[in-house]
Amino acid sequence: MGRPIIGITGELEAARWGNWIREAVVSPVSYARAVERSGGTPVILPPVPATSVPVLIAGLGGLLLTGGRDVDPSLYDEAPHDQTDIPDHRRDRFELILTRAAIEADLPFLAIGRGMHILNVARGGTLIQHLPDRLGSESHKPDPVKMTIHDVQISAASKVGRVLGAAAQVPAAHHQAIDRIGGGLLTVAWTPDQVVEAVELQGHRFGIGVQWHPEESDDARIFEALVAAAKTVPAPPPAAEVTGGRSKRASKRHAARS
């Protein structure tokens, strides 16, 4: 099998190039580079209507749910904390539908940062909206811009453990985390202060969420594992060839009658 297509969630933001300012689909290039270097073909997915999601899922070998702003707290029945971002309702709705569809289709996926939060909410879980309130420190986001390296402990029997081992040093920066874990999810990595750092969806081909940002490191093993899982997904049936608005078969029938 060739290089599988890995869908990468993006968001719509105003962007400028030359004298143009337009709403654009944006995604940090580090995600696409990590997928490409790991043997996949990256494709950025804009937030689209729910009716387009089944077609997206059918055309993908794997899915990467990316980081970004905080998930809307109303989606897990909470009022917003004063430190919680203003939500992107369009992206939230799209990614919840996309995640549930990927789970239903047993499509391999890796959910990073916000992506892991989307996964948890999609499974009925909740989030800690501001970790310093729970921990009493800014230890998980000491710098407002830069990633920092910290230690995580990993269940050796988990998929993540089989890829990374029983411990790892990972780049991260976040002020939110999983609170009540969603249905079917299993905690497989955590920090010494017991913040959830990775989850796996039980019974799924490859359904992993990580709190850290592996795309910002030189360790591509978890992306390589995603791409390897994506290569086991059956290819969709080829579409009928269309020429001039008619399929080849229809053209042949027309020629026979002429």
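Before any of the text, the structure's been laid out above.
About the criteria used
- Residues numbered from 1 in each chain as written.
- Predicted model: local features only at pLDDT ≥ 70, side-chain atom pairs only at ≥ 80, totals over all residues.
- Heavy atoms only, no water.
- Helix = DSSP H or I, 4+ residues; strand = E, 2+ residues; numbered from the N terminus.
- Rg over C-alpha atoms; globule rule 2.2 N^0.38 Å.
- Buried < 20%, exposed > 50% of the residue type's maximum accessible area, 1.4 Å probe, protein only.
- Lys, Arg positive; Asp, Glu negative; His and termini not counted.
- Charge placed at Lys NZ, Arg CZ, Asp CG, Glu CD.
- 1 Å grid on protein atoms, 1.4 Å probe; cavity = no way out; pocket = protein on both sides within 12 Å on 5 of 7 lines; lining within 4 Å.
- Points joined across faces, edges and corners; volume = space filled by probe spheres on them.
- Nonpolar A, V, L, I, M, F, W, Y, C, P; charged D, E, K, R; others polar.
- Salt bridge = Lys/Arg side-chain N within 4 Å of Asp/Glu carboxyl O.
- Contact = heavy atoms within 4.5 Å.
- Polar contact = N/O pair within 3.5 Å; in protein donor to acceptor, adjacent residues only side chain to side chain.
- Pairing = 2+ DSSP bridges.
- Axes fitted to C-alpha atoms, helices over the stretch in contact; angles between N-to-C directions.

S.K.: How do you make sense of the overall build of the protein chain when you look at a structure like this?
M.R.: Within the protein chain, the secondary structure is distributed over eight helices and 15 strands. Its C-alpha radius of gyration of 20 Å places the protein chain within 12% of the 18 Å reference for a compact globule of 258 residues. When its C-alpha atoms are laid out on the principal axes, the protein chain stretches across 80 × 45 × 35 Å. The 258 residues of the protein chain split such that 46% are buried. With 27 positive and 29 negative side-chain charges, the protein chain shows a spacing of 14 Å between the two charge centroids.

S.K.: Hey, could you run me through empty space enclosed by the protein in this one?
M.R.: Over the atoms rolls a probe the size of a water molecule, and its path tells where empty space is left. Evaluation of the coordinates by the stated rule reveals one cavity of 30 Å³ or more. Around the largest cavity, the lining residues are L131, P132, L135, S137, E138, S139, H140, K141, H174 and H175. For the lining of the largest cavity, a count of residues per class yields three nonpolar, five polar and two charged.

S.K.: What am I meant to see in the pattern of salt bridges here?
M.R.: Oppositely charged side chains can form a pair if their charged atoms are brought close together. In the structure shown here, the tally under the stated rule is eleven salt bridges. For the salt bridge of R3 with E36, the shortest nitrogen-to-oxygen distance reads 3.1 Å. Here the residue R3 occupies a position in the segment before β1 (5-9), and E36 occupies one in helix α1 (residues 29-37), the gap between them amounting to 33 residues. Classification of R3 as partly exposed rests on a relative accessible area of 43%. With a relative accessible area of 40%, E36 lands in the partly exposed category. A salt bridge links D219 to R221, with the nearest nitrogen and oxygen atoms 2.7 Å apart. On the basis of relative accessible area, R221 is assigned to the partly exposed category, the value being 37%. Here the salt bridges share partners, and the residues they tie into one network are E11, E13, R69, R91, D92, E95 and R114.

S.K.: Help me understand the environment of S52 in this model?
M.R.: Examined against the element boundaries, S52 turns out to sit in the loop between β4 (41-45) and α2 (53-59). Residue classification places S52 among the partly exposed residues on the basis of a relative accessible area of 31%. Between the alpha carbons of S52 and F94 there is a distance of 10.0 Å; along the sequence they are 42 residues apart.

S.K.: Just to check I follow, could you spell out the environment of E216 for this structure?
M.R.: Residue position: E216 is located in the loop between β13 (207-210) and α7 (221-230). When its relative accessible area of 43% is taken as the criterion, E216 is described as partly exposed. Note: C-alpha distance between E216 and Y31 (185 residues apart in sequence) is 8.4 Å. If sequence neighbours within four positions are ignored, E216 has contacts with S30, M147 and P171. Within polar-contact distance, the side chain of E216 engages the side chain of S30 at 3.1 Å.

S.K.: Even after reading the chapter, I still don't get the sheet that holds strand β6 (residues 109-112), so can you show me in this structure?
M.R.: Each strand in a sheet pairs with its neighbour through backbone hydrogen bonds, running either in the same direction (parallel) or in the opposite one (antiparallel). Read from one edge to the other, the open sheet built from nine strands follows the order β4-β1-β5-β6-β13-β12-β11-β8-β9, with strand pairing classed as mixed. Taken across any chain shown, the strands that pair with only one partner, and hence form the sheet edges, are β4 and β9 (167-172). Averaged over all neighbouring strand pairs, the angle between strand axes comes to 25°, with direction disregarded. Bridge count for β6 against β13 is four bridges, and the pairing is parallel. Bridging across to β13, A111 finds its partner in G209. In the packing of helix α4 (residues 114-122) onto the sheet, the strands contacted are β5 (62-65), β6, β11 (185-190), β12 (196-201) and β13, and the crossing angle to β6 comes to about 110°. In the packing of α7 onto the sheet, contacts are made with β1, β5, β6 and β13, and the angle to β6 comes to roughly 150°.

S.K.: Would you mind showing me how to read unusual backbone geometry here?
M.R.: In most cases, non-glycine residues show a negative phi, while peptide bonds are predominantly trans. The phi dihedral of D77 is positive, around 60°, even though this residue is not glycine. By relative accessible area, D77 is classed as exposed at 73%. Unlike most non-glycine residues, Q194 shows phi in positive territory, near 70°. Relative to the assigned elements, Q194 resides in the loop between β11 and β12.

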